[in-house]
Amino acid sequence: MHSLRLRLLVVTVMVAAAAVGVSALFSRQVVTSEFRRFVQTPHASGIDGVVRALEATSSYAGADSVLERLAPAVGRALVVVDSAGVVIAASDSPLRAATVTRGDGGRVSFDARSGGGRRAGGMMLELVNPPRHEIRSPDGALRGTLYVLPEPQTPSPPGRPFLQRVDRGLWLGALSAIALGAVLVTLLSSRIVGPIEKLTVAARRMERGDLSPRVAARGNDEVAVLGRSFNAMAESLEHTQRTRRQLTHDIAHELRTPLTNLRAQIEALEDGLLQPDRSALASLHEEVMLLARLTDDLGQLAMAESGALRLDLETIAVREALERAAAAFQVQAAAGGIEVRIEADSELEVRADAARLGQILRNLTTNALTYTPPGGHITLAAHSEDARVVFEVRDSGSGIPAEHLPHVFERFHRADPSRSRTTGGAGLGLAIVRHLVAAQGGETTAASEPGQGTTLRFTLPRA
């Protein structure tokens, strides 16, 4: 039984059947018990009426008419016995010829047999302490006794049709409840199993490589939460697949140009079209270094993304770290007419890896120098904010368009795609910055307005 819908249906029907069956049996037992008590208990008001009617008769000649008239309302066989123990009236005709004998322990025998043998219609009835009521005259003298006897045994007791009808009603109600439960479970299982079946179909499509299917998730129950989680997982997988494809394309694109240049120059040297002088060797060396930087950046990025970076955390003076980063670019900045400024408190300290912090600052400064025109300025700043130190690298360049701002820390992204690798780099520097900062417990953000420059920020824990 592998179907969840079928299992829900079977379990619910079994539970409903057990509950209704137990309820029906208990109800039947209670009804039977109460009915028997009702049948076997004389009606006090009816008996009192019979006694009063018998006491009102002037003689026993009217007793038969009283019993004939009132006994059906009582629902019992009634026998009137005079003070001498002779039956003078009875509601059941065989008992009118009975002989009444009293024995020990309240035993009373009603013998309607003649000559010691049973005649047709004759009967022998022996009771212990049967209900009896005294019949007295107006002056209080005892005139006789009214005995209330149980109903004669018949092949089909009067209560049996009643109990049969009760049984039919109970079992009809039980079957109706089970059928209603089955219908409700079918509807409920459709609500539960339907989305799961859709999830299964979508998962199988994803297994075959199609990451496009999504499922409708309505409501806030567990199945809806599962559907939304599935959609989020599908979105993440699709994004990862797109990113992987884009990464492969970008790496191939970045490697193609230096390799093409190397191939062309080497073939030119082989064909004698290019002299193996210092200039040619310098050009080959430049292409090799470009490939080396690209492979180093890719290696660092892979290590950062996989969490394999080794960090040596220590307390670092923030202003000194900014000054070392600025000093490394003083010659390049001066050649481009760009001023490098430092803004940081000398007492400010941060908990970080010194080598990785220097690499972060160099990458950000390199990016700022690339986009800052001659005569501009770059500011390396830091300030304390709660338990963190906020680093800022601000430039006075052309800024980053709003549509590119959310992607500046992604791999191979260039705000200006028209830039060459010489001016714009491979597009890995800021992606490395983001992962190096995250590995040390910080965050990266970017702010920019076209024509107003760009500010790249990152945070690290304060020492």
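Everything below is about the structure shown above.
Summary of the structure given here. (Residues numbered from 1 in each chain as written. Predicted model: local features only at pLDDT ≥ 70, side-chain atom pairs only at ≥ 80, totals over all residues. Heavy atoms only, no water.)

Overview of the nonpolar core
- Core analysis: the largest hydrophobic core is formed by 43 residues, its most contacted members being V350, L357, F391 and F458.
- Going through the elements one at a time, α6 (278–306), α7 (318–327), β10 (349–353), α9 (354–371), β11 (377–385), β12 (388–395), α11 (429–439) and β14 (453–461) are the ones with two or more residues in this core.
- Discounting residues that sit within four places of it in the chain, L357 has contacts with I316, A321, V350, F391, F458 and L460.
- Grouped together as the second largest cluster of nonpolar side chains are 16 residues, L54, L67, A71 and V148 included. (Core = buried A, V, L, I, M, F, W, Y, C linked by side-chain atoms within 4.5 Å. Buried < 20%, exposed > 50% of the residue type's maximum accessible area, 1.4 Å probe, protein only. Helix = DSSP H or I, 4+ residues; strand = E, 2+ residues; numbered from the N terminus. Contact = heavy atoms within 4.5 Å.)

Some points on the sheet that holds strand β1 (residues 77–82)
- Taken in spatial order, the 4 strands of this open sheet run β2-β1-β7-β6, and their pairing is antiparallel. In this open sheet, the two strands that pair with only one neighbour each are β2 (87–90) and β6 (132–136). Strand after strand, the sheet turns through a mean of 25° between neighbouring axes, direction not considered.
- Direction of pairing for β6 relative to strand β7 (residues 142–149): antiparallel, over a ladder of 5 bridges. From the neighbouring strand, E134 faces β7, where its bridge partner is T145. (Pairing = 2+ DSSP bridges. Axes fitted to C-alpha atoms, helices over the stretch in contact; angles between N-to-C directions.)

Things to note about α7
- Among the residues making up α7, those that are buried are V318, A321, L322, A325 and A326. Mapping the buried residues of α7 onto a view down its axis gives an arc of 135°, with all of them on the same face. (Arc of directions from axis to C-beta.)

A short note on the pattern of salt bridges
- Throughout the structure, instances matching the rule amount to 11 salt bridges.
- Among the salt bridges present, the one from E238 reaches R214, with a minimum N-O distance of 2.6 Å. Pair noted here: E238 is in helix α5 (residues 222–270) and R214 is in the loop between α4 (159–207) and α5, with a separation of 24 residues, a long-range link.
- Residue classification places E238 among the partly exposed residues on the basis of a relative accessible area of 22%.
- For R214, a relative accessible area of 30% gives the class partly exposed.
- Two residues, E392 and R394, come together in a salt bridge whose shortest N-O distance is 2.6 Å.
- Relative accessible area serves as the criterion here: at 11%, E392 is assigned to the buried category. (Salt bridge = Lys/Arg side-chain N within 4 Å of Asp/Glu carboxyl O.)

Just distances and angles here, no functional claims.
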